[in-house]
Amino acid sequence: MFTILHCADLHLEASFASSRVPPAMGNWRRASLQAALGRILALAREHRADAVTIGGDLYEHEYALPDTAEFLREQFAALAPMRVFIAPGECDPYGDDSLYALTRWPENVVVMPPGPLSCYELAPGLCLWGAGYAPGVADVLAGWSSDRDGTQLLLMHAAWAAEPEADGPFRVDAAALQAAGFDLALLGHEHSARRGGSGTAPGSGTAPDGQEGGTRYVYPGSPEPLEARETAGEHLAVLVSVDQGACQTRALPVAQWRYLERRVDLSGSSTIEEAAALVRVELREAGAVDQGTICRVVLTGVRRFDLDMEALRGLVDTAACVQYDAEQALGFGVEQLAYEATLRGQLVRRMQGRLAGAASQNERALTLRALDLGLRALEGKQVRPYESG
Ligand SMILES: [Mn+2]
């Protein structure tokens with residue numbers, strides 16, 4: 001039996017700026033990505049894997065430094081004689097100035113070069129095919145089929161072509177993989193785990209020990225969720241065992257972080273303290289109380305009090321990283337202002353016109369926010385930059 005631990009999309013050195021987390025948390029999250037690699041390699045040892053495969057986006061070329069290469073070199077060298085196969089992806093392309101090209105990798109590490117698929121014989125009758133991505137490289141799978149006997153595996157960073165928004169350098173789908181003769185494709189690119197099979201292979205389905213047969217392709221997902229839109233989905237390493245031509249896979253969860261989103265209607269509350277109590281209950285019910293949770297709280301409803309985000313944050317005591325957003329509606333009081341022959345009335349009338357013509361929810365929310373800020377400014381109230389987001 002030959003055993004592989006497959007992972008992808010670690011995105012070491014990723015920037016979390018778009019997640020709006022404080023800079024210190026960005027550093028913390030980058031450290032936790034390195035820790036996730038450590039957990040994955042520990043799983044490889046624990047399950048006595050013969051090889052580790054990495055389906056691209058191991059690190060982000062834009063942010064990675066020689067330190068990143070040194071970290072990877074040490075981690076991989078410590079695994080020897082276990083072999084490590086890397087198929088570079090979109091964020092870590094195999095260019096001349098890449099860490100892949102500039103680093104002297106330990107002997108147990110193979111970085112798959114761009115170009116036609118290369119074959120690595122893992123064991124007699126077991127072939128691992130793959131190619132790295134580099135800008136300008138053509139679709140290497142088109143019209144390709146294996147000319148080898150035995151079990152054929154593929155390692156590649158590729159988008160799932162059946163997805164309506166499929167983008168990425170390489171694209172695959174179930175039909176193309178089957179036509180090429182692959183028994184199992186170990187893929188990277190999708191950040192939420194996805195796997196599928198022929199559905200008719202003997203032994204398909206999940207056994208009590210979590211082993212799944214009949215799987216033909218597997219995206220393990222990013223080991224940690226990286227963006228707020230990854231609130232759903234699994235983040236895995238996948239254990240693959242190949243025995244006499246039959247491939248079994250087993251999902252091993254590795255994530256320690258998660259994103260959540262909750263909406264809290266503040267219509268019933270008349271003070272900031274009441275609002276804070278509602279938010280606390282919602283966070284507790286969502287289980288968003290630990291420091292591995294990044295929770296976006298969208299505050300909705302017509303409010304009868306000034307929503308001071310900083311005060312609210314101070315009143316909601318939680319270990320989770322909470323990001324507040326306010327979604328506003330025009331209250332009765334504001335509608336009345338439209339009848340005033342004042343600058344304030346003029347502002348409301350103009351914004352009502354814009355609201356009526358808003359093309360999207362986003363534009364409507366922005367207009368309401370602008371109106372709120374305008375009214376506050378006219379009342380001489382302080383406008384804090386984080387509220388104008
Ligand atoms: Mn990725």
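Residues numbered from 1 in each chain as written. Predicted model: local features only at pLDDT ≥ 70, side-chain atom pairs only at ≥ 80, totals over all residues. Heavy atoms only, no water.

A. Up close: the nonpolar core. L5, L58, L72, F76 and I86 are the most contacted members of the largest nonpolar core, which totals 43 residues. For this core, the secondary-structure elements that each account for two or more residues are β1 (2-7), α1 (23-46), β2 (51-54), α2 (66-77), β3 (83-86), α3 (99-102), β4 (109-111) and β15 (236-243). A total of eight residues in this core trace back to one element, the largest contributor, which is α1. In contact with F76, not counting residues within four places along its chain, are L41, I54, L58, V84, I86, W105, N108 and V109. (Core = buried A, V, L, I, M, F, W, Y, C linked by side-chain atoms within 4.5 Å. Buried < 20%, exposed > 50% of the residue type's maximum accessible area, 1.4 Å probe, protein only. Helix = DSSP H or I, 4+ residues; strand = E, 2+ residues; numbered from the N terminus. Contact = heavy atoms within 4.5 Å.)

B. Expanded view of the sheet that holds strand β5 (residues 118-123). Here we have six strands laid out as an open sheet, ordered β5-β6-β7-β10-β14-β11, and mixed in their pairing. The sheet is open, and its two edges are formed by β5 and β11 (194-197), each paired on a single side. The mean inter-strand angle of the sheet, taken between neighbouring strand axes irrespective of direction, is 15°. Pairing of strand β6 (residues 126-130) with strand β7 (residues 151-157), which is carried by five bridges, proceeds in the parallel orientation. By the bridge assignment for β7, L126 is matched with T151. (Pairing = 2+ DSSP bridges. Axes fitted to C-alpha atoms, helices over the stretch in contact; angles between N-to-C directions.)

C. Spotlight on the environment of D317. Position of D317 among the secondary structure elements: in the loop between α6 (309-315) and β19 (321-326). What makes D317 exposed here is its relative accessible area of 72%. Between the alpha carbons of D317 and R280 there is a distance of 7.8 Å; along the sequence they are 37 residues apart.

D. Summary view of the domain arrangement of the protein chain. What the domain assignment lists for the protein chain is domain 1 (2-253) and domain 2 (258-388). Between the C-alpha centres of domain 1 and domain 2 the distance comes to 42 Å. Facing 13 residues of domain 1, the contacting portion of domain 2 comprises 11 residues. Counting the surface lost from both domain 1 and domain 2, the interface buries some 850 Å², and carbon and sulfur atoms represent 58% of this. The largest share of the area that domain 1 buries against domain 2 comes from R20, W28 and T231, three residues that together contribute 47% of it. Taken together, the links from domain 1 to domain 2 amount to zero salt bridges. For the pair domain 1 and domain 2, the interface holds two residue pairs in polar contact (both at pLDDT 80 or more). Looking at the side of domain 1 that touches domain 2, its residues break down into eight nonpolar, two polar and three charged. (Domains from an automatic or database assignment. Buried area = accessible area lost by both parts, 1.4 Å probe. Salt bridge = Lys/Arg side-chain N within 4 Å of Asp/Glu carboxyl O. Polar contact = N/O pair within 3.5 Å; in protein donor to acceptor, adjacent residues only side chain to side chain. Nonpolar A, V, L, I, M, F, W, Y, C, P; charged D, E, K, R; others polar.)

E. View of α2. With 12 residues, α2 extends 16 Å from end C-alpha to end C-alpha; this agrees with the ideal 16 Å at 1.5 Å per step. Taken together, the buried positions of α2 are T68, A69, F71, L72 and F76. Buried positions in α2, seen along its axis, are confined to an arc of 160° and lie on one side of it. Residues of α2 that are exposed and angled more than 90 degrees away from the buried face: P66, D67 and E74. Contacts made by the buried residues of α2 are with α1, β2, β3, α3 and β4. (Expected span 1.5 Å × (residues − 1). Arc of directions from axis to C-beta.)

F. The packing of helix α8 (residues 343-356) against helix α9 (residues 361-378), seen in detail. It is the contact of α8 with α9, at a shortest axis distance of 10 Å, that shows an interaxial angle of 175°. Taken together, the axis directions place α8 and α9 in an arrangement best described as roughly antiparallel. Residues L343, R344, L347, V348, M351, R354 and L355 of α8 touch α9, and the partners they reach there are R364, T367, L368, A370, L371, G374, L375 and L378. (Parallel < 35°, antiparallel > 145°, perpendicular 65-115°, else oblique.)

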